[in-house]
Structures are given as C-alpha cells and as structure tokens.
Amino acid sequence: MGMPLVEVNVSPLENTAKGVIVVDGSASLLGIIREPIKIVVEEGKAVEITGGDQAATLIIILQPPPDPKVYAIAEIAVGLNPKGKIIGVLTEDESAWRTGHIALGDNINLGGFNQAPLHIDMIIRRPTIILDNKFVVVKDGIPQVEFKKG
C-alpha cells in the first residue's frame, strides 16, 4: 500500500489489462531507468519485455519464473506528491506528481487476488492511462478527471 496522500492505486481486474507500457522513470531492483523498457501486456500479463540491459535484468529476475503469477499486472497507480521527484528511491519516485506506475506480481496487500513471490514497481514519467478502451483518466501525466477532497 502506498504512503498516505502520495499516490492513488488500484489492482486491475485479473486477466483484463492490455496494452503497451513504456517504463522510463525507475523500477524496483533496477533504479533509475537508463533506456526505456517496453512491456507488452495481454490478458493481464506481461508477454514481452524489451529494451536495454535493464530490460534484460528484469527478464532474468522473472525467469525462470518461480511462479507464473510474477507476470501479472498487479497495480496501476498515479503519483500525487507535487514535491516528489524521480531520484531512484522507490517511495519518492512512485509518489511524484504527473508520474504513474505499474507493478508486476503480488497484489494481495492492495486488495487483489494475485499471490506471487514478488512485487516490482515500475515508474512512468508522463503516462497515459485509458480504462475500458474509452475513459482517459490520465493523459501525458495530467489527470483528466477531477479529484475531490472528501
């Protein structure tokens, strides 16, 4: 679970996420991303990972899979901290305003149903997030819906 008031996150409905994710901020176990990592997602799972040496390291971390559930999209989130910056420290990176992040692996603590032996957060600098192929929630890092304090 994210720290209070620095991110909003959700566990996607299992086996439904699809699209292309380009990680260009930072990632668990990898630090600041030097060359973007491209992740193709089908039916809620990463099916292809490409990029430079950090993408190769991510593939090694995931293979041989101790559990195929490590490839599941576990979390989708956006950062809410206007003073946050991507500095290579995950709690700061994932909180930075106008960033988003996804995670592979476990999401039990986030209210999901995917129990896996790891959870890898990956930060995107200016994400576009579209729900159900029609609702643009975030475009180029800018929220497209109004968030109200409640």
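Heads up: the structure comes first, above all this text.
Residues numbered from 1 in each chain as written. Predicted model: local features only at pLDDT ≥ 70, side-chain atom pairs only at ≥ 80, totals over all residues. Heavy atoms only, no water.

A. The arrangement of the overall build of the chain in detail. Counting its regular elements, the chain contains two helices and 12 strands. In sequence order, the secondary structure elements of the chain are arranged as β-β-β-β-β-β-α-β-α-β-β-β-β-β. Against the compact-globule benchmark of 15 Å for 150 residues, the chain has a radius of gyration of 14 Å, which places it among compact chains. On the principal axes, the C-alpha backbone points of the chain span a range of 45 × 30 × 25 Å. Looking at the chain as a whole, 43% of its 150 residues qualify as buried. Residue pairs in contact within the chain that sit at least 24 positions apart in sequence constitute 54% of those at least 6 positions apart. Taken as a whole, the chain presents about 8,600 Å² of accessible surface, with 57% of it coming from carbon and sulfur. Computed over 14 positive and 18 negative side-chain charges, the separation of the two mean positions in the chain equals 8 Å. (Helix = DSSP H or I, 4+ residues; strand = E, 2+ residues; numbered from the N terminus. Rg over C-alpha atoms; globule rule 2.2 N^0.38 Å. Buried < 20%, exposed > 50% of the residue type's maximum accessible area, 1.4 Å probe, protein only. Contact = heavy atoms within 4.5 Å. Areas by Shrake-Rupley, 256 points an atom, 1.4 Å probe, with all protein chains shown as cover. Lys, Arg positive; Asp, Glu negative; His and termini not counted. Charge placed at Lys NZ, Arg CZ, Asp CG, Glu CD.)

B. Region of the structure containing empty space enclosed by the protein. For the structure shown, the criterion picks out one cavity of 30 Å³ or more. Put simply, the largest cavity is a space of about 60 Å³. Looking at the largest cavity, it is lined by 11 residues, and the ones nearest its centre are Val78, Gly79, Val138, Gly141 and Pro143. For the lining of the largest cavity, the per-class residue count stands at seven nonpolar, three polar and one charged. (1 Å grid on protein atoms, 1.4 Å probe; cavity = no way out; pocket = protein on both sides within 12 Å on 5 of 7 lines; lining within 4 Å. Points joined across faces, edges and corners; volume = space filled by probe spheres on them. Nonpolar A, V, L, I, M, F, W, Y, C, P; charged D, E, K, R; others polar.)

C. Here's a closer look at the nonpolar core. In this structure, Ile21, Ile37, Ile39, Leu58, Leu62 and Met122 are the most contacted members of the largest nonpolar core, which totals 24 residues. Leaving out residues up to four positions away in the same chain, Ile39 has contacts with Gly19, Val20, Ile21, Val23, Ala46, Glu48, Ile49 and Met122. (Core = buried A, V, L, I, M, F, W, Y, C linked by side-chain atoms within 4.5 Å.)

D. View of the sheet that holds strand β6 (residues 45-50). Overall, antiparallel pairing links the three strands, which are arranged β2-β5-β6 in an open sheet. Lying at the two open borders of the sheet, with one neighbouring strand each, are β2 (19-23) and β6. Each adjacent strand pair in this sheet contributes to an overall mean axis angle of 25 degrees, direction not counted. Here five bridges tie β2 to strand β5 (residues 37-42), and the two strands are oriented antiparallel to one another. Bridge pairing in β5 places Ile21 opposite Ile39. Packed on one face of the sheet, helix α1 (residues 53-62) meets β5 and β6 and runs near 140 degrees to β6. (Pairing = 2+ DSSP bridges. Axes fitted to C-alpha atoms, helices over the stretch in contact; angles between N-to-C directions.)

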